[in-house]
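Survey of secondary and tertiary structure
What follows is the residue order along each chain.
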2 protein chains.
Amino acid sequence: MVTWHAERAWIGAMADDVLIETDGDRITAVTAGVPAPDDAVRLSGLALPGLVNAHSHAFHRALRGRTHEPGDFWRWRELMYQVASALDPDRYRALATATFAEMALAGITTVGEFHYLHHRSEGRAYEDPNAMGLALVDAARAAGIRLTLLDTCYLRGGMRNADLDAAQLRFADADVDAWAGRVDALSGNDTTKIGAAIHSVRAVDPGSMARVAEVAHGSQQPLHIHVSEQAKENEECVAVFGMSPTELVADRGVLGPRTTIVHGTHVSALDIELLATTRSRVCMCPTTERDLGDGVGPAAAFVGGGIEVSLGSDGQSTIDLFEEARAVEMNERLITERRGIHDPVTLLAAATDNGARSLGWDAGAIAAGRLCDLITLDPESPRLATCPDVAGIIAAATAADVRDVVVGGVAIVRDGRHLGVPDVGAALKDSIEVLFA
Amino acid sequence: MVTWHAERAWIGAMADDVLIETDGDRITAVTAGVPAPDDAVRLSGLALPGLVNAHSHAFHRALRGRTHEPGDFWRWRELMYQVASALDPDRYRALATATFAEMALAGITTVGEFHYLHHRSEGRAYEDPNAMGLALVDAARAAGIRLTLLDTCYLRGGMRNADLDAAQLRFADADVDAWAGRVDALSGNDTTKIGAAIHSVRAVDPGSMARVAEVAHGSQQPLHIHVSEQAKENEECVAVFGMSPTELVADRGVLGPRTTIVHGTHVSALDIELLATTRSRVCMCPTTERDLGDGVGPAAAFVGGGIEVSLGSDGQSTIDLFEEARAVEMNERLITERRGIHDPVTLLAAATDNGARSLGWDAGAIAAGRLCDLITLDPESPRLATCPDVAGIIAAATAADVRDVVVGGVAIVRDGRHLGVPDVGAALKDSIEVLFA
């Protein structure tokens, strides 16, 4: 059984000379202040729990740097649909492998993939109706990171008009039972979990929403749903259903301790109360929310209400969970003109422990009983030098400061190099350029 | 004379195989589409003009990661004053050398140092009254970057109460003539220019302000001034002088084509008109403005009014001009919920050409007649792969993607390593930890 020894590690406090014993993929004991035994694998620098990216659409990586033109979220969505149309299982696997490898280099050890690219372009199922989801499973394995595949129910084009537009045909199952049947054929493994998702109150009618929730809750799976990313969604929901998206999903039994609403940018005080009383979770994606002009979500109100916030790279304009954590604080500073709104330890938990719970993994902390998912930072990098504690890490660390990444006791990145995908830049280029050829 | 050959370069357009001929420190000709002559120094990757950091307080680097506590700008200022009190010329030189070396690694080839730490802690002059400023000159030379030393006039503690508090004593000259006399003893060299600054409408009375402007304009020096970073400054200025800070400085002859107002976060439409009609410049520092909870400045209104915007790392919470350029766009997206507000080419100019003009250097572009200040990015980094054009660079590049840095035809960074300060992390640590010992 491998034993790890970290020069310095965050184990709920900062500690030096930390011995991390495992039974292979799980931590059995953590002891600070002991010298490294001869057979320990040494981790130099500063060890943290592996980062958890609780909301990803891997294929959006293809859009990075290509959507800078005037417009709004809805114009961006058209460009995103164009990329979606160019994918098949092989291209999807290649793109997701490269994207997940970029995540690994950034210290992400677990990703929640909110997956709705299910079928062929015209909506017909692949021979294996889960071919696209399985491509993601393969990709995560190739990149060495854990995956919660949040298989997403998508049924209609909008709240007022049920018709799917051409680009949306491949997202949709025939009905909620078809979705449930398809998902039932998927199964997890030691590094994969199957979870459920409702795309949004736009894409799933209230009755089907209730059924997805029943399925997910019944099998104790994580359940995710996009909620109130855009003010327009709220307006439509009030007009059509007489209540906010959060009120609607609460009404249909979607909320609960295994449920995570994604974004929650434009939620009301009543919505926040509903999330708090149902012990639901929120995943914020602040770099995407600024990229897409969504606005600044009420992170302080979530945390103040006892709601656990996790973080996601979502649209992949940036893959850097340190930047996400920092942006939670910085975006609110811009709005409130106050500093020090969030405790840095809470922000680090958002990037680790809270994400792990949202995705159903016993990971996210360097502690006995947790999976052995670790990363190290270079504390001598010009960015981090003199920032030795959690406040400093949240203030200054970037994806580029990650040196080593361990998932389930297996090193997947050493000294900034991915051991399974040797040239991540080339993998990204090869898998993306073909989509625009 | 050294000739450079870039695989790909931004020369107002993206071009491949770019030959850059020099007479040593200045570019004499730029030709695209030619193979590399045998004697050319090859630059692999993507070459850009060197980045220009138009507003820096080098010593604030010591605060990175140490000010995360509840409060506002004014509380942060107390912490900053504590660090200021711990500096003497030797410590200042060491800290600034390390900080400027971090800038060099981030692709910054010119810095504007807004310098007001002039005297001993109790306010007495050093034997050489410019000992602190000369420490900055030494530091920039050691780090290999150009410096415009914006020697700052600081005379009083506030608009209502002229008394300096204890921490401010060392910032202040006896009066504006004492300031002018001291600055007169400074002189530039091939990589140093002397410019002037008025700290703010808080720290300099209107009469003295007019005199500083007269001196600076008379010698055609750059003149910088902090304006309207905080709403409180506006309120006080209106209460005491019956006009906004911008109106006040306009009234006293401070504005003009060599003048840069720094921040301008809380300016009015009339203020913007005054800046535009006087052909004044604005330096925005968006990562500092979010760190300090200043708010979001009206970048689109500045650009729309024909005002050239440059960028500064200011408080050094981040030293990454790509992030500054990106934040100009992203901060406005958060407020307006619109995308694509600024042309990426304009944002790149803010980080290069506009900064060079603000600081008085013929740099900031790869073009005949300009100083040969260049950087390269690694276009295969996981962040940048598939982002080959300016929109992609503004969307995705970070300081960590800078590989080579050339200042005046001399390489100061090669493959991400500083040639003059071999361990920048250690230099930062050594120079900062002593201040908190």
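Note: the structure precedes this text.
Here is a short report on the structure shown in this document. (Residues numbered from 1 in each chain as written. Chains lettered and ligands numbered in written order. Predicted model: local features only at pLDDT ≥ 70, side-chain atom pairs only at ≥ 80, totals over all residues. Heavy atoms only, no water.)

So, about unusual backbone geometry. All names here are of chain A. Even without a glycine there, the phi angle at Q220 is positive, about 55 degrees. Even without glycine at this site, D314 takes up a positive phi of about 45 degrees. Within the element layout of this structure, D314 appears in the loop between β12 (309-311) and α11 (321-336). Judged by relative accessible area, which is 3%, D314 ranks as buried. (Helix = DSSP H or I, 4+ residues; strand = E, 2+ residues; numbered from the N terminus. Buried < 20%, exposed > 50% of the residue type's maximum accessible area, 1.4 Å probe, protein only.)

On to the relation of the copies chain A and chain B, then. Its rotation angle being 180 degrees, the transformation that places chain A on chain B also includes 0.0 Å of axial translation and leaves an RMSD of 0.0 Å. As the rotation angle and translation indicate, the two copies are arranged about a two-fold axis. In terms of C-alpha distance to the rotation axis, chain A has A400(A) as its closest residue, with the C-alpha 3.2 Å off the axis. Here 100% of the contact residues of chain A are again contact residues in chain B; the copies associate through an equivalent surface. (Least-squares fit on C-alpha atoms with pLDDT ≥ 70 in both. Contact = heavy atoms within 4.5 Å.)

The next point concerns the packing of aromatic side chains. For any two aromatic rings, the description comes down to two numbers: the centre-to-centre distance and the angle of the planes. As enumerated under the stated definition, the model contains 14 aromatic pairs over all chains in all. On the numbers, 6.3 Å between centres and 75 degrees between planes, the contact of F59(A) with Y116(A) is edge-to-face. Remark: Y116(A) occurs in the loop between β6 (108-115) and α3 (131-143) and F59(A) occurs in the loop between β5 (51-56) and α1 (73-85); sequence separation between them is 57 residues. Residues F59(A) and Y116(A) agree in their burial class; the two are buried. In textbook terms, an aromatic cluster arises when at least three aromatic residues are bridged by ring pairs, as seen for F59(A), Y81(A), Y116(A), Y154(A) and F171(A). We note K232(A) situated over the ring of W74(A); from NZ or CZ to the ring centre the distance is 4.3 Å. Stacked on the ring of W361(B), the Lys or Arg K193(B) has its end atom at 4.6 Å from the ring centre. (Phe/Tyr/Trp six-rings, centres within 6.5 Å; stacked < 30°, edge-to-face > 60°. Lys NZ or Arg CZ within 6 Å of the ring centre and 35° of its normal.)

Residue and element names in this part refer to chain B. With parallel pairing, 8 strands are arranged side by side in an open sheet as β5-β6-β7-β8-β9-β10-β11-β12. Each having just a single partner strand, β5 (51-56) and β12 (309-311) make up the two edges of the open sheet. With strand direction ignored, the average angle separating the axes of adjacent strands in the sheet is 25 degrees. In terms of strand pairing, strand β8 (residues 192-198) meets strand β9 (residues 223-227) through 3 bridges, oriented parallel. (Pairing = 2+ DSSP bridges. Axes fitted to C-alpha atoms, helices over the stretch in contact; angles between N-to-C directions.)

This part covers the interface of chain A and chain B. At the junction of the two partners, chain A supplies 54 residues and chain B supplies 54 residues. For the pair chain A and chain B, the two sides together bury roughly 4,700 Å², of which 54% comes from carbon and sulfur. When the buried surface of chain A facing chain B is broken down by residue, H68(A), L334(A) and R339(A) rank first, second and third, together holding 19% of it. The interface formed by chain A and chain B holds 10 salt bridges in total. D72(A) serves as the salt-bridge partner of R338(B), at 3.9 Å between the closest nitrogen and oxygen. Of all the elements in the fold, those that place two or more residues in the side of chain A that touches chain B are α1, α2 (89-105), α9 (286-291), α11, α14 (390-396) and α15 (424-433) of chain A. Sorting elements by how many residues they give to the side of chain A that touches chain B places α11(A) first, with 7 residues. Of the residues contributing to the side of chain A that touches chain B, the split by class is 20 nonpolar, 14 polar and 20 charged. (Buried area = accessible area lost by both parts, 1.4 Å probe. Salt bridge = Lys/Arg side-chain N within 4 Å of Asp/Glu carboxyl O. Nonpolar A, V, L, I, M, F, W, Y, C, P; charged D, E, K, R; others polar.)

All names here are of chain A. Where burial is concerned, most of strand β7 (residues 146-153) is hidden: 8 out of the 8 residues are buried. Here β7 shows a buried face lined by R146, T148, L150 and T152 and a second buried face lined by L147, L149, D151 and C153. In this view, the connection linking β6 to its parallel neighbour β7 by way of α3 has right-handed handedness. In terms of strand pairing, β7 meets strand β8 (residues 192-198) through 7 bridges, oriented parallel. Across the sheet, the residue bridging to T152 is A197, located in β8. You can see the chain leave β7, run along helix α4 (residues 176-184) and come back into β8, and the turn it takes is right-handed. (Right-handed = clockwise from strand over helix to strand, strands pointing away.)

As far as function goes, none of this settles anything; it's purely spatial.
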